[in-house]
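# Examining the three-dimensional arrangement
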Amino acid sequence: MDYTREQLKEIFKGLPEDLREAIVSFETVDAVNEIGDKYDLHIDQVGTLGDEVGRVMIGVSSFKDFTVRLKEKLNIDSEKAQTIAHDVNVNIFLKIREILKKNQLNDILADAPEVPANEIPQTSPKPTTESLFDQKMGALYNLPKEDVEIKEGKKEEKRPFDPYREIV
């Protein structure tokens, strides 16, 4: 079912405060962006991924339909949609599962599979050795330099007369 923006806002306002904070937190946004980077999604696809994650988190979409919705909305194959859904489950839904249990909202992620303890990611800052510009444009500007021979056979050539040039 498609909801209007106003209906989604009302549903969101009805959620507990800690769940609302988890949905709009920077950690959730960063996790969506990292997943988008990991799977080479375009920026519009990352936005759509974020929308779909939000729909599941507020309870208007079911997790069991999440993979199918990703496949349709992002225009990707089933295998890629399944791996993205798994990463979203591990990196985002696992973190809010405790909040849902605390607020007796277990039905929101009831369809999401439990994640084994060895697959839970450890949060650590991602080291960046170069700027974003260098990462994106480095391949274009880091081309090997060509050796060019400079011939010193002729000295200054006489230029043809230029009527617009001032005589000094």
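Residues numbered from 1 in each chain as written. Predicted model: local features only at pLDDT ≥ 70, side-chain atom pairs only at ≥ 80, totals over all residues. Heavy atoms only, no water.

### A look at helix 4 (residues 43–58)
Our working definition: What counts as a helix is a DSSP run of H or I of at least four residues, what counts as a strand is a run of E of at least two, and both are numbered from the N terminus. Here, expected helix span is obtained from the residue count minus one, scaled by 1.5 Å. Residue burial is assigned from relative accessible area. The probe radius is 1.4 Å, only protein chains are included, and a residue is buried under 20% of its type maximum, exposed over 50%, and partly exposed in between. Residue contacts are counted whenever heavy atoms from the two residues lie within 4.5 Å of one another.
Taking 1.5 Å of rise per residue, 16 residues should cover 22 Å, and helix 4 covers 23 Å from first to last C-alpha, within 8% of that figure. Looking at helix 4, one finds that the buried residues are Gln45, Val46, Leu49, Glu52, Val53, Gly54, Arg55, Val56, Met57 and Ile58. Looking at the buried side of helix 4, the elements it contacts are helix 1 (5–13), helix 2 (17–23), helix 3 (26–38), helix 5 (66–74) and helix 6 (78–102). Looking one or two places after helix 4, you find glycine 59, whose phi comes out positive at around 95 degrees.

### Details of unusual backbone geometry
Note on backbone geometry: most residues besides glycine have negative phi, and most peptide bonds are trans. One non-glycine residue, aspartate 40, lies in positive phi territory at about 50 degrees. Of note, aspartate 40 is situated in the loop between helix 3 and helix 4. A relative accessible area of 65% means that aspartate 40 is categorised as exposed. Non-glycine residue asparagine 75 carries a positive phi angle of around 55 degrees. Residue placement: asparagine 75 occurs in the loop between helix 5 and helix 6. Exposure remark for asparagine 75: the relative accessible area of 71% places this residue in the exposed category.

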